[in-house]
Amino acid sequence: MDFELSEQQRAFAQTARDFAASEFAPHAARWDRESEFPKETIARAGALGFCALYAPESIGGLALPRLDATLVFEELAAVDPSTAAFLTIHNMATWMIGTWGTAAMHARWGAELTSGRLLASYCLTEPGSGSDAASLKTRAERTAHGYVLHGSKAFISGAGATDVLVVMARTGGPGAGGISAFVVPADAPGVAYGRNEHKMGWHSQPTRAVTFDGVHVPADHLLGQEGEGFRLAMKGLDGGRINIATCSVGAAQGALDAARRYLHERQQFGQPLATLQALQFKLADMATELVAARQMVRLAASKLDAGSPDATTYCAMAKRFATDAGFNVCNDALQLHGGYGYLGEFPLERLVRDTRVHQILEGTNEIMRVIIARKLLDGHTDIR
């Protein structure tokens with residue numbers, strides 16, 4: 001068991017750190033303040049391979065292990081969790097198209113998605129089906145030439161600004177087995193978008209409802225086979241949970257770094273804050289929680305890379321622990337800054353706002369507990 005990163009992995013991380021410093025850091029506060037979706041910057045990230053880190057090489061992806069992908073996402077999220085999180089969603093959707101898409105899909109969208117010239121959204125959640133995703137109502141009716149979609153999706157990241165939608169819709173009866181997955185052009189006739197939601201955080205990426213009103217989808221835009229959509233969606237979410245957990249770890253690292261600098265710089269009672277033992281203890285606890293979260297995420301990523309039968313459980317554990325710990329570290333770092341941490345001139349309030357949603361999306365942390373408990377109680381997971 002070797003916890004040290006290889007030279008190549010360190011190089012990936014350093015490339016991402018340098019990119020975040022030059023491309024994210026000067027603009028992240030403005031993107032947040034003005035709700036700007038930085039598509040040109042994302043395209044430059046695509047030029048480095050960051051839009052297709054684990055997508056198959058057959059469509060232009062890097063086909064990296066999930067563990068290596070976490071190193072890149074963490075460094076990006078240390079500066080801007082919102083933009084980094086969108087990149088993780090695009091990576092997930094692109095991987096799904098590359099893994100289960102048809103030759104026609106690959107020819108039309110593969111190179112464009114992996115390069116970041118086109119962007120993708122993942123459409124699972126609906127107004128009436130969040131945690132109970134298998135109860136979704138959007139329908140895909142079979143026709144002579146393909147399918148016709150009717151229904152709506154909610155809380156879709158990037159919607160209205162992306163080019164391709166990975167959509168889960170019902171082709172059969174109730175439950176998970178009646179769901180199929182489709183790739184839909186974002187500008188297809190009958191696709192409509194709601195307003196850009198006013199959110200607590202994640203301002204650098206739009207979030208909208210998507211409505212499908214008689215949208216014609218060719219038969220070769222089906223991902224996998226009919227009835228496999230929910231299974232594919234959940235496979236996507238195993239990686240998505242690692243990704244969002246990694247974004248929490250990255251944000252926590254950025255917050256910890258800021259707090260450490262501030263404790264040296266800020267003088268109170270005639271001495272730097274760094275000399276006060278109570279604050280030293282707080283910083284020590286923050287660092288310990290951060291390292292524990294990072295190691296859990298990397299363990300889950302390794303399980304997923306190895307195809308371990310208990311990978312889903314470990315992905316849920318990592319998502320639950322790292323998103324809670326990451327938010328707490330960011331919040332504690334804000335507290336260490338006092339009133340300054342509440343100001344927009346410092347990154348802390350943005351990191352706190354951006355990481356709060358990580359405890360909700362990709363499956364709430366309550367649902368993560370349900371997954372973990374079920375796997376433990378049915379005897380399919382041994383955590384030794």
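Residues numbered from 1 in each chain as written. Predicted model: local features only at pLDDT ≥ 70, side-chain atom pairs only at ≥ 80, totals over all residues. Heavy atoms only, no water.

What follows is about the nonpolar core. Counting residues in each nonpolar core, the largest one holds 55 residues, and the members touching the most others are F50, L53, L76, M96, Y122, M168 and L223. Looking at this core element by element, the count peaks at 11 residues for helix 5 (residues 81–100). Every residue in contact with M168, bar those within four places of it in the chain, is listed here: Y122, C123, L124, L136, T138, K153, I179, S180, A181, G229 and A233. L67, A259, L283 and L351 belong to the second-largest nonpolar core, a separate cluster that totals 39 residues. (Core = buried A, V, L, I, M, F, W, Y, C linked by side-chain atoms within 4.5 Å. Buried < 20%, exposed > 50% of the residue type's maximum accessible area, 1.4 Å probe, protein only. Helix = DSSP H or I, 4+ residues; strand = E, 2+ residues; numbered from the N terminus. Contact = heavy atoms within 4.5 Å.)

Okay, the pattern of salt bridges next. Under the criterion given, the structure shown has 19 salt bridges. Notably, a salt bridge pairs R139 with E141, separated by 2.9 Å at the nearest N-O pair. Taking relative accessible area as the criterion, R139 reaches 28% and is therefore assigned partly exposed. The salt bridge partner of K282 is D332, with a shortest N-O separation of 3.7 Å. With K282 in helix 8 (residues 277–305) and D332 in helix 9 (residues 311–336), this pair connects stretches of sequence that are 50 residues apart. Given the relative accessible area of 33%, K282 is considered partly exposed. The partly exposed category is assigned to D332, whose relative accessible area is 24%. When salt bridges with common partners are traced through the structure, they connect D32, E349 and R353 into a single cluster. (Salt bridge = Lys/Arg side-chain N within 4 Å of Asp/Glu carboxyl O.)

Turning our eyes to something else, we now look at the environment of R139. Mapped onto the fold, R139 is located in strand 2 (residues 139–143). Along the sequence, R139 and I179 sit 40 residues apart, while their C-alpha atoms lie 8.7 Å from each other. Excluding residues within four positions of it along the chain, R139 makes contact with V148, L149, H150, A169, R170, T171 and G172. Reaching out from R139, the side chain makes a polar contact with the side chain of E141 at a distance of 2.9 Å. (Polar contact = N/O pair within 3.5 Å; in protein donor to acceptor, adjacent residues only side chain to side chain.)

This part covers a nonpolar patch on the surface. There is a patch of nonpolar side chains on the surface, built from L376, L377 and I383 and spanning about 330 Å² of accessible area. Its location among the elements puts L376 in helix 11 (residues 365–377). Accessibility expressed as a relative area gives 39% for L376, which makes it partly exposed. (Patch = residues over 30% accessible without salt bridge, like charges linked within 9 Å, V, L, I, M, F, W, Y side chains within 5 Å. Areas by Shrake-Rupley, 256 points an atom, 1.4 Å probe, with all protein chains shown as cover.)

For the rest of this paragraph, the subject is the packing of aromatic side chains. Inspection of the entire model under this criterion finds 9 aromatic pairs. An angle of 50 degrees between the planes, with centres 5.7 Å apart, marks the rings of Y340 and F346 as tilted. For F346, a relative accessible area of 25% translates into the label partly exposed. Feature note: the residues F19, F24, W31 and F50 constitute an aromatic cluster, connected by ring pairs. (Phe/Tyr/Trp six-rings, centres within 6.5 Å; stacked < 30°, edge-to-face > 60°.)

Before going further, it helps to spend a moment on the pairing of strand 3 (residues 146–157). When strand 2 meets strand 3, the two strands line up antiparallel, connected through 5 bridges. In the sheet register, R142 faces strand 3, and the bridge partner there is Y147. Here strand 3 runs beside strand 7 (residues 207–218); their pairing, made up of 10 bridges, is antiparallel. Residue G146 lies in a different strand from strand 7, and its bridge partner there is P218. (Pairing = 2+ DSSP bridges.)

For any two helices packed against each other, the geometry is given by the interaxial angle and the distance between the axes. Orientation of helix 5 relative to helix 7 (residues 229–265), taken along the N-to-C sense of each, is 155 degrees, at an axis distance of 10 Å. Comparing the axis directions of helix 5 and helix 7 gives the class roughly antiparallel. Considering only the axes of helix 5 and helix 7, their crossing is right-handed. Contact residues: P81, A84, A85, T88, M92, W95, M96 and W100 in helix 5; L232, A233, K235, G236, L237, G240, N243, I244, C247 and A251 in helix 7. Taken together, the residues of the contact of helix 5 with helix 7 sort by class into 13 nonpolar, 4 polar and 1 charged. (Axes fitted to C-alpha atoms, helices over the stretch in contact; angles between N-to-C directions. Parallel < 35°, antiparallel > 145°, perpendicular 65-115°, else oblique. Left-handed = near helix turned anticlockwise from the far one by under 90°. Nonpolar A, V, L, I, M, F, W, Y, C, P; charged D, E, K, R; others polar.)

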